Amino acid sequence: MWRYCVTTLKPYYFGCNCISKYTRASARPFRTLTQMTTITESDVGILCFISQLPGFRGILKQRYSDFIVNEVDTDGNVVHLTSLDAPPEVIKDDEIKISDQISRSFSSEIELFRSLAGDTNADQLEAFLNQITSGHGDDISPITLSPDSDKSHRTAMHNFFKENFRFLVTDTVDGPDSSSKCIRVRLNLGSNNSGRNSKKRKERGSKPYDSRGFGNWPEHLGKFLRFHLYKENKDTQEALGLIGKMLGIQPRSFGFAGTKDKRSVSTQRVTVFKQNASRLAALNERLIGIKVGDFCYANEGLLLGQLLGNRFTITLRGVVSDSEDTISGSADSLGKHGFINYFGLQRFGSGSVPTHLIGAILLRGENVISKVREYYKETGDIDGTLRQLPRHLVSERAILQCLKKCPGNYLQALKAIPRTLRMMYVHSYQSYLWNHAASVRVQKYGTNQVVLGDLVYCKGDDAGTVPVSITSEHEDDTSEDMDNCGQLDEISRTDLPEGRNSLVKAVTAEDINAGNYTIEDVVLPMPGSRVMYPVNEVADVYHDMAKKDNIDLKESVHNVKEFSITSVTGSYRRVFQKPIDFEWELLTYTDGNLALAETDLDKIAKTRRVNMVEDKPTNGSEGTAPFDGIKQSESIEDDLSSSTVNIDVKDENQVEQPENQSLPGSTQMALKLGFTLPSSCYATMAIRELLKTSTSVAFHKTLNQ
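What comes next concerns the included structure. Treat the numbers as computed from the prediction; the structure is a model and nothing was measured.

Procedures and definitions
Per chain, residues are indexed from 1 in the order of the written sequence. A pLDDT threshold of at least 70 governs which residues receive local features in this predicted model, and a stricter bar of 80 or more applies before side-chain atom pairs are shown or counted, although totals over entire chains, interfaces and linings include all residues. Derived side-chain values reflect all non-hydrogen atoms in the structure, with water molecules and hydrogen atoms excluded from consideration. Accessibility here uses a 1.4 Å probe with only protein chains present; expressed as a share of the type maximum, an area under 20% marks a residue as buried, one over 50% as exposed, and anything in between as partly exposed. A run of H or I in DSSP counts as a helix once it spans at least four residues, and a run of E counts as a strand once it spans at least two, with each numbered from the N terminus. An arc is given here, and it is the one of the directions from the helix axis to the C-beta atoms. Any two residues whose heavy atoms approach within 4.5 Å at even a single point are treated as in contact. Given a helix with a known number of residues, its expected span is that number minus one, times 1.5 Å. Salt bridges are identified by distance alone: a Lys or Arg side-chain nitrogen within 4 Å of an Asp or Glu carboxyl oxygen. One bridge is not enough; two strands pair if DSSP finds at least two bridges between them. Orientation is described by lines fitted to C-alpha atoms, with helices fitted over the stretch in contact, and by angles between N-to-C directions that extend from 0 to 180 degrees. Throughout, the term roughly parallel applies to angles under 35 degrees, roughly antiparallel to angles over 145, roughly perpendicular to angles from 65 to 115, and oblique to all others. Each crossing is labelled by how the near helix is turned from the far one, with a counterclockwise turn of less than a right angle marking it left-handed and a clockwise turn marking it right-handed. Residue type decides the class: Asp, Glu, Lys and Arg count as charged, Ala, Val, Leu, Ile, Met, Phe, Trp, Tyr, Cys and Pro as nonpolar, and the leftover types, Gly among them, as polar. Asp and Glu are treated as the negative residues and Lys and Arg as the positive ones, with His and the ends of the chain left uncounted. As used in this structure description, the phrase polar contact means that two N or O atoms lie within 3.5 Å; if the pair is within protein, one of them must be able to donate a hydrogen and the other to accept it, and residues adjacent in sequence are counted only when both atoms belong to side chains. Under the pairing criterion, centres of Phe, Tyr and Trp rings, with the six-membered ring standing for Trp, must be within 6.5 Å; the plane angle then separates stacked pairs below 30 degrees from edge-to-face pairs above 60, leaving the rest tilted. Take the buried residues of types Ala, Val, Leu, Ile, Met, Phe, Trp, Tyr and Cys, join any two whose side-chain atoms come within 4.5 Å, and each joined set is a nonpolar core.

**So, helix H2 (residues 107–117)**
Where H2 is concerned, the buried positions are Glu109, Ile110, Phe113 and Ala117. Taken end-on, H2 shows its buried residues confined to a sector of 100 degrees, consistent with a single buried face. The inward-facing, buried residues of H2 abut helix H3 (119–133) and helix H4 (151–164). Positive phi appears at glycine 118, one or two residues downstream of H2, with a value of about 100 degrees.

And the structure:
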């Protein structure tokens, strides 16, 4: 039975509990890039708690099915996978099925084409159609018609094919000489792209088409297929890359609102350009750990940030406490008072060099080029290094590939790193400063009231225009590995719209006396060129720490604009966050290998089993429909057994989790939590407030030993 804790907007009335105090020692300068085995929460400014209640032992993500994430769309709906079936295709009366066209005779159309294009082209087309109707369409190569230098005549030819052969696609290619062109004809298998890439046809030559979507798309359907993507232990880009490869389309065809954590079970919305639902639904039999469903067509594709947040279902295993009252008190406190809205450890990467250290070097402008030069000097053999570098090391590969093309151009090599990745380093350093500032705000002024000089979102006439969280990173509590390119597009920009800063003000004595603002209104800035800082001692944290790193937050110290703090406008972030629709439940279990929370796929498998029993013929005969239902149900259960149940899959980016160490038959306790957070908040920081322990993967691994 879930226990519900209603979240109401009330001030906090309790003290803070901090791990350590902010000192100048914690603001140590980043002089060199030294390899680190791991970073701790205190390294990145995660120092304080809201409540002074004792913590307890609990293992986070012992199984990836213990961390379930469901996207919340812009209308506030929690996204679930509820169906794997494609909707029936609706064909209007004026549209003819391609299969019906292929199966009939084209003698009359051939004669019309003969009068338009001549005997040679007509005979060539007739032979081409005979190959298609023989049933070997997949193996047929395109045909190229005779050279034609008359553009108006070529246009008439293209229109003829559109009107009479809807299952064929034509384009124009270079002829045998510079003054002529030829029309190329091929069977439309959904792999043409007559849109934004048509100007590159000359460069493509005989290479495969770009494949962004079907040609001759039905006018009554939206150009984008929207579906729900369910994935287990895979990041978003990895899952979409696999689906795109199966469909023969490029990754840019997909759109999504944000990436989700790799070590989790997650469901989110995705759009793809001009693809039929039946094609994607057919992939479910081949996909392992990935499912697609809940298809519909839309006129617009999804863009990054088009979500309200995420719904989390988190199970903490191996819970040990001095009493259940301690657990109950801590859970109720989290629901009532919330947590400090720190950027979690995921923000700072899991590579050998934390991303905020790289961000500091980029912003400082010192030794940037020399670092690239040293890397080049150490690697030596570019081709050999590229062959050995894993695909997820995007920065290193981009640098080496650029140096291969432009030897010695080290600045250009640095700029070859994808912009989203370069900006990720800058965002990481901004987050590092924000975390420390948040800790100082709690240490100096507590967590129960607004103080003079605090920054708050304005109220009054502008109140209705202020969103829950003004932050344009559009980041979910997602990526475990900031060095993994799977989440880079998520952090796409940091610009704020013009005039947005007018919505933030410093609290005055009059505001405090009038009680206009509560602690929940307090925000802190992400450094940038268009933000204001608190008018109290918290502002000193930003400038003192940046100064230690030889970074000026007001002006650039070098002439590389895109690596300057003045090139980002900045944003604001709430200091305190309450979980929304918070609920929790204490469970007991004896088998550590069994799931304690139902995933969307579990629910579908259960429903299909029920439907299978209901649809079974009463006369004892075996119909085809029940057989198909059994086969599909078994396919789903196979996926469950291969991915959700057997979770100890080794991965190069994943810390190995040992088998559950409990004695057979011993009873253990688990705490299952359910809550929703805005898209810029980290669920791990809510868990940290609850347990009063580190959220690092390395720490929770030790709890399994």
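**Some thoughts on H3**
For H3, which comprises 15 residues, the first-to-last C-alpha distance of 21 Å matches the rise-based estimate of 21 Å (1.5 Å per residue) to within 8%. Regarding H3, the residues found buried are Asn121, Ala122, Leu125, Phe128, Leu129 and Ile132. All buried residues of H3 lie within an arc of 125 degrees about the axis, which places them on one face of the element.

**Here's the deal with the pattern of salt bridges**
Evaluated as defined, the whole model comprises 19 salt bridges. Between arginine 688 and glutamate 41 there is a salt bridge whose closest N-O contact spans 3.0 Å. With arginine 688 in helix H19 (residues 683–691) and glutamate 41 in the loop between strand E2 (17–18) and strand E3 (48–49), this residue pair connects regions lying 647 residues apart in the sequence. Like arginine 688, the residue glutamate 41 is buried in the burial classification.

**What about the pairing of strand E13 (residues 309–320)?**
A large share of E13 lies buried, amounting to 11 of its 12 residues. Where strand E4 (residues 57–59) lies against E13, two bridges are found, and the strand directions are antiparallel. Each residue of the ladder has a partner; that of isoleucine 59, found in E13, is arginine 317. As paired strands, strand E5 (residues 67–72) and E13 are joined by six bridges and run antiparallel to one another. Residue pairing in the sheet places valine 69 in a bridge with phenylalanine 312 of E13. Summarising the sheet, E13 and strand E21 (residues 668–678) pair through eight bridges and their orientation is antiparallel. The residue of E21 that forms the bridge with threonine 313 is glycine 674.

**Topic: the pairing of E21**
Most of E21 sits inside the fold, with 10 of its 11 residues counted as buried. Of the pairings in the sheet, the one linking strand E20 (residues 580–589) to E21 comprises eight bridges and is antiparallel in character. By the bridge assignment, isoleucine 580 is partnered in E21 with threonine 676.

**Details of the packing of helix H8 (residues 324–337) against H19**
It is at 9 Å that the axes of H8 and H19 come closest, and there the two elements cross at 140 degrees. The angle between H8 and H19 places the two elements in the oblique class. Handedness of the crossing formed by H8 with H19: right-handed. For the pair H8 and H19, the contacting residues are Ser330, Ala331 and Leu334 in the first and Ala686, Glu689 and Leu690 in the second. Of the residues contributing to the contact of H8 with H19, the split by class is four nonpolar, one polar and one charged.

**Notes on the side chain of aspartate 73**
Examined against the element boundaries, aspartate 73 turns out to sit in the loop between E5 and helix H1 (98–102). For the buried residue aspartate 73, which engages in no salt bridge, the nearest side chain bearing the opposite charge is arginine 269, 5.1 Å off. Reaching out from aspartate 73, the side chain makes a polar contact with the backbone nitrogen of asparagine 77 at a distance of 2.8 Å. Discounting chain neighbours no more than four positions away, the residues touching aspartate 73 are Val79, Arg269, Leu307 and Leu308.

**Notes on the sheet that holds strand E7 (residues 168–174)**
A sheet is described by the order of its strands in space; here three strands give the open sequence E6-E8-E7, paired in antiparallel fashion. Only two strands of the sheet have a single neighbouring strand rather than two, namely strand E6 (143–144) and E7. As defined by bridge partners, E7 adjoins strand E8 (residues 181–187) across seven bridges and the pair is classed as antiparallel. Directly across from threonine 172, in E8, lies its bridge partner isoleucine 183. Packed onto the sheet, H4 meets E7 and E8 and runs at close to 160 degrees relative to E7.

**Looking at the sheet that holds strand E15 (residues 455–457)**
The strand order across the open sheet formed by four strands is E16-E15-E17-E18, and the pairing between neighbours is antiparallel. At either margin of the open sheet sits one strand with a lone partner, and together these are strand E16 (504–506) and strand E18 (571–574). Averaged over all adjacent pairs, the angle separating strand axes in this sheet is 50 degrees, with direction ignored. Where E15 meets strand E17 (residues 522–526), two bridges bridge the pair, whose relative direction is antiparallel. Counted as the bridge partner of leucine 455 is valine 523 from E17.

**Details of the packing of aromatic side chains**
Evaluation of the coordinates by the stated rule reveals 17 aromatic pairs. Consider the rings of phenylalanine 227 and phenylalanine 295, whose centres lie 6.4 Å apart with planes at 40 degrees: the pair is tilted. Placement of phenylalanine 227 in strand E9 (residues 224–232) and of phenylalanine 295 in strand E12 (residues 290–298) is noted, with a sequence separation of 68 residues between them. Residue class for phenylalanine 227 comes out buried when judged on its relative accessible area of 0%.

**A word on the packing of H2 against H4**
Geometry of a packed helix pair, given as the angle between the helix axes and the separation of the axes. Contact geometry of H2 with H4 gives a least axis separation of 11 Å together with a crossing angle of 175 degrees. As judged from the angle between their axes, H2 and H4 are roughly antiparallel. In this structure, H2 contributes Glu109, Leu112, Phe113, Leu116 and Ala117 to the contact, and H4 contributes His153, Ala156, Met157, Phe160, Phe161 and Asn164. For the contact of H2 with H4, the residue count by class is eight nonpolar, two polar and one charged.

**Here's the deal with the nonpolar core**
Ile314, Leu316, Leu671, Leu673 and Phe675 are the most contacted members of the largest nonpolar core, which totals 77 residues. It is helix H14 (residues 419–445) that provides the largest number of residues to this core, a total of 10 residues. Counting residues in hydrophobic clusters, the runner-up holds 21 residues, among them Phe113, Ala122, Ile132 and Phe160.

**Considerations on the environment of aspartate 261**
Looking at the secondary structure, you find aspartate 261 in the loop between strand E10 (254–256) and strand E11 (265–273). Linking aspartate 261 and glutamate 232, residues 29 residues apart in sequence, is a C-alpha distance of 9.6 Å. Polar side-chain contacts of aspartate 261 include one of 2.3 Å to the side chain of lysine 61. Engagement of the side chain of aspartate 261 in a polar contact is seen with the backbone nitrogen of arginine 263, the distance being 3.4 Å.

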